[in-house]
Amino acid sequence: MSETITGAMTQTGPAARPEVTPPGLGRQVRTHVWRNVKHIRRMPEMLADVTFQPIMFVVLFAYVFGGSINAGVNYREWLLPGIMAQTMTFSCFVVAVGLTNDLNKGVIDRFRSLPISRASVLIGRSISSLIHSSIGIVVMAGTGLVIGWRIHEGFGKAVLGFALLLLFGFAMIWFGILAGSALKSVEAVQGVMFTAVFPLTFLADTFAPAANMSPAWLRAIAEWNPISSLVRAVRELWGNGAPLAPDSALPLHHPIESTILWAAALTLILAPLSIRAFTRRTTD
């Protein structure tokens, strides 16, 4: 009997291991996005930075500082595009902290053991971060409507303004991926990102007109800041802007084109660096 079984095994050989066909990239990305969004559903406090914080900024600047800042037009309408631009810039915080957490907790190592693309991890994290930040835009738009903000230039330009916000947010996400891949702890990520990004959002045409800044070199930095181009573009598209000073920097005279160029340039520079840092961090 044993000889018969042995002979049969010799003839047929061991059972063949079934081939595993990995899902397509699109499905992988959707799975990663759903995983990240589920974290928000299970931990609603993760939305504090895009719900309570935007409302706090809108109310604080509109009612506390608004009376002291001369924007040349209705300050509350002038303010909303600036705060929205700040929120989309802060999307790099979300992706950096989330990616660092996954790296430190071994989640990325588990993904590496699966037949999936590394790119799907980064794309999924980027899309979920944009969704996260977009919630803040919706909350701010609702708050703005309550305090008197309106869009005056029609549906098409309104959509284009929101599209520019998302485009710039996507470019900033690559900076978050770079920081999340290069730094070793969440504390380090928060410290570096806050130090680098928070002043950048204030040294721009966001909460106070850059034309009123002095000395001259400070005004030049603010006007060449990519965030100033974004804010100026959105204000023009929505009819919330003030007349532009004739001696303003070139990007503010062509804000829509400048915003697109800034977003493309930041992506082209930061994306390869981010991918290289992530690959290095996740390679044994």
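Quick caveat: nothing in here was measured; it's all calculated off a predicted structure.

(A) Representation of the pattern of salt bridges in the model. On inspection of all chains with the given rule, the structure shows six salt bridges. Arg219 is the partner of Asp247 in a salt bridge, and the nearest nitrogen-oxygen pair spans 3.0 Å. Here Asp247, found in the loop between helix 11 (226-238) and helix 12 (250-253), pairs with Arg219, found in helix 10 (residues 216-224); they are 28 residues apart in sequence, far enough to count as distant. With a shortest N-O distance of 3.3 Å, Arg232 and Glu236 are connected by a salt bridge.

(B) Region of interest: unusual backbone geometry. Going from Ser214 to Pro215, the amide bond is cis rather than trans, its omega being 5°. When you line up the elements, Pro215 lands in the loop between helix 9 (186-202) and helix 10.

(C) Layout of the side chain of Ser228. Following the sequence through the fold, Ser228 ends up in helix 11. The exposure class of Ser228 is buried, given its relative accessible area of 0%. Once residues lying within four places of it in the same chain are set aside, the contact partners of Ser228 are Ala204, Asp205, Ala222, Glu223 and Leu252.

(D) The packing of aromatic side chains, seen in detail. Applying the stated rule across the entire model yields 13 aromatic pairs. Following the ring pairs from residue to residue traces out a cluster consisting of Phe57, Phe61, Phe90, Phe93, Phe194, Phe198, Phe202 and Phe207.

(E) Region of the structure containing the nonpolar core. Of all hydrophobic cores here, the largest spans 57 residues; its most connected members are Met84, Leu165 and Trp238. Tallying contributions element by element places helix 8 (residues 155-182) first for this core, with nine residues. Once residues within four sequence positions are removed from consideration, Trp238 is found in contact with Pro81, Met84, Trp149, Arg150, Ile151, His152, Glu153, Lys157, Ala158, Gly161, Phe162 and Leu165.

Calculation criteria
Position labels on residues start from 1 in each chain and follow its written sequence. With pLDDT at 70 or above as the cut-off, local features in this predicted model cover only qualifying residues; side-chain atom pairs require 80 or more to be listed or tallied, and sums for whole chains, interfaces and linings still use all residues. The side-chain figures draw on all heavy atoms in the structure; neither hydrogens nor water molecules are used. Throughout this description, the term salt bridge denotes a Lys or Arg side-chain nitrogen within 4 Å of a carboxyl oxygen of Asp or Glu. Runs of E in the DSSP output that reach at least two residues are strands. Runs of H or I that reach at least four are helices, and both are numbered from the N terminus. The rule is simple: take the accessible area with a 1.4 Å probe, protein chains only, and divide by the maximum for that residue type; under 20% is buried, over 50% is exposed, in between is partly exposed. Contact between two residues is taken to exist if any of their heavy atoms lie within 4.5 Å; hydrogens are not considered. What counts as a ring pair is set by centres within 6.5 Å for rings of Phe, Tyr and Trp (its six-membered ring), and what kind of pair is set by the plane angle: stacked under 30 degrees, edge-to-face over 60, tilted for all other angles. Residues grouped as a nonpolar core are buried Ala, Val, Leu, Ile, Met, Phe, Trp, Tyr and Cys residues, joined through side-chain atoms within 4.5 Å.

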